[in-house]
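Chain residues, written in single-letter form:
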Amino acid sequence: MAENREPRGAVEAELDPVEYTLRKRLPHRLPRRPNDIYVNMKTDFKAQLARCQKLLDGGSRGQSACAEIYIHGLGLAINRAINIALQLQAGSFGSLQVAANTSTVELVDELEPEIDSREPLTRIRNNSAIHIRVFRVTPK
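As annotated in an unreviewed UniProt entry, the protein chain carries the name Ribonuclease P protein subunit p20 and is attributed to Cricetulus griseus. Of the protein chain, the UniProt comment under Sequence similarities (unreviewed entry) reads exactly: "Belongs to the histone-like Alba family." Check the Function (unreviewed entry) section of the UniProt entry for the protein chain; it says "Component of ribonuclease P, a ribonucleoprotein complex that generates mature tRNA molecules by cleaving their 5'-ends. Also a component of the MRP ribonuclease complex, which cleaves pre-rRNA sequences."

Right under this line is the structure:
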């Protein structure tokens, strides 16, 4: 199976950055539920932590508290997702537990040609992801 694939450097050598523009598509996401939090590196950490805490506490406008939330992190945001879950757990005095699952997500990049004579290309790559369930436990 390995002999049928081209070496990664050979494919990269063909692509001239002057001739192609890289467009990264958004990753395929799970169905968006009210208790899903997608963590990224652009939003402030404290704002993301506050949003998670607000969902667990019930928020404003008479919303009921969520019994569990799911924190999703992709690539570089995995560390931030783990940190948010641990901060929530540490601040709950034992009333919250966490359960983490990891996965690999297939991402698609589009290479758009700058010259009309070239064809647009797509490149598929894999990236790590984490899905953390933060849930309330009943005290014994």
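A count of helices and strands for the protein chain gives three helices and five strands. Across the protein chain, helices and strands are ordered from the amino to the carboxyl terminus as α-β-β-α-β-α-β-β. The buried share among the 140 residues of the protein chain stands at 26%. Taking the contacts inside the protein chain whose residues are at least 6 apart along the sequence as the reference set, 70% of them involve residues at least 24 apart.

Under the definition given, this model contains five salt bridges. Where Asp 109 meets Arg 123, a salt bridge forms, and the shortest distance between an N and an O atom there is 3.9 Å. Linking Asp 109 in strand E4 (residues 96–113) with Arg 123 in strand E5 (residues 121–136), this pair joins segments that are 14 residues apart in sequence. Its salt-bridge partner being Asp 109, residue Arg 125 comes within 2.7 Å of it at the nearest N-O pair. Residue Arg 125 is located in strand E5, and its partner Asp 109 is located in strand E4; the two are separated by 16 residues in the primary sequence. Classification of Arg 125 by relative accessible area gives partly exposed; the value is 24%. The network of salt bridges with common partners includes Asp 109, Arg 123 and Arg 125.

With that settled, consider helix H2 (residues 45–57). With 13 residues, H2 ought to run about 18 Å at 1.5 Å a step, and its terminal C-alpha atoms sit 18 Å apart, in line with that. Burial in H2 covers these residues: Gln 48, Cys 52, Leu 55 and Leu 56. Taken down its axis, H2 places every buried residue within 100° of arc, on the same side. Of the exposed residues in H2, the ones pointing more than 90 degrees away from its buried face are Lys 46 and Asp 57. Where H2 is buried, its residues contact strand E2 (36–39), strand E3 (68–74), helix H3 (78–90), E4 and E5.

This part takes up the sheet that holds E2. Sheet architecture is open: five strands sit in the order E1-E4-E5-E3-E2, paired in mixed fashion. The sheet is open, and its two edges are formed by strand E1 (20–24) and E2, each paired on a single side. If you compare each strand with its neighbour and ignore which way they point, the axes differ by 25° on average. Inspection of the sheet shows E2 paired to E3 by four bridges, in the parallel sense. Across the sheet, Ile 37 pairs through a bridge with Ile 71, a residue of E3. Taken strand by strand, H2 contacts E2, E3, E4 and E5, and its axis lies near 175° from that of E2. Lying on the sheet, H3 is in contact with E2, E3, E4 and E5; it crosses E5 at an angle near 5°.

About the thresholds
Residues numbered from 1 in each chain as written. Predicted model: local features only at pLDDT ≥ 70, side-chain atom pairs only at ≥ 80, totals over all residues. Heavy atoms only, no water. UniProt positions renumbered as here; feature names shortened; annotations may be inferred. Helix = DSSP H or I, 4+ residues; strand = E, 2+ residues; numbered from the N terminus. Buried < 20%, exposed > 50% of the residue type's maximum accessible area, 1.4 Å probe, protein only. Contact = heavy atoms within 4.5 Å. Salt bridge = Lys/Arg side-chain N within 4 Å of Asp/Glu carboxyl O. Expected span 1.5 Å × (residues − 1). Arc of directions from axis to C-beta. Pairing = 2+ DSSP bridges. Axes fitted to C-alpha atoms, helices over the stretch in contact; angles between N-to-C directions.

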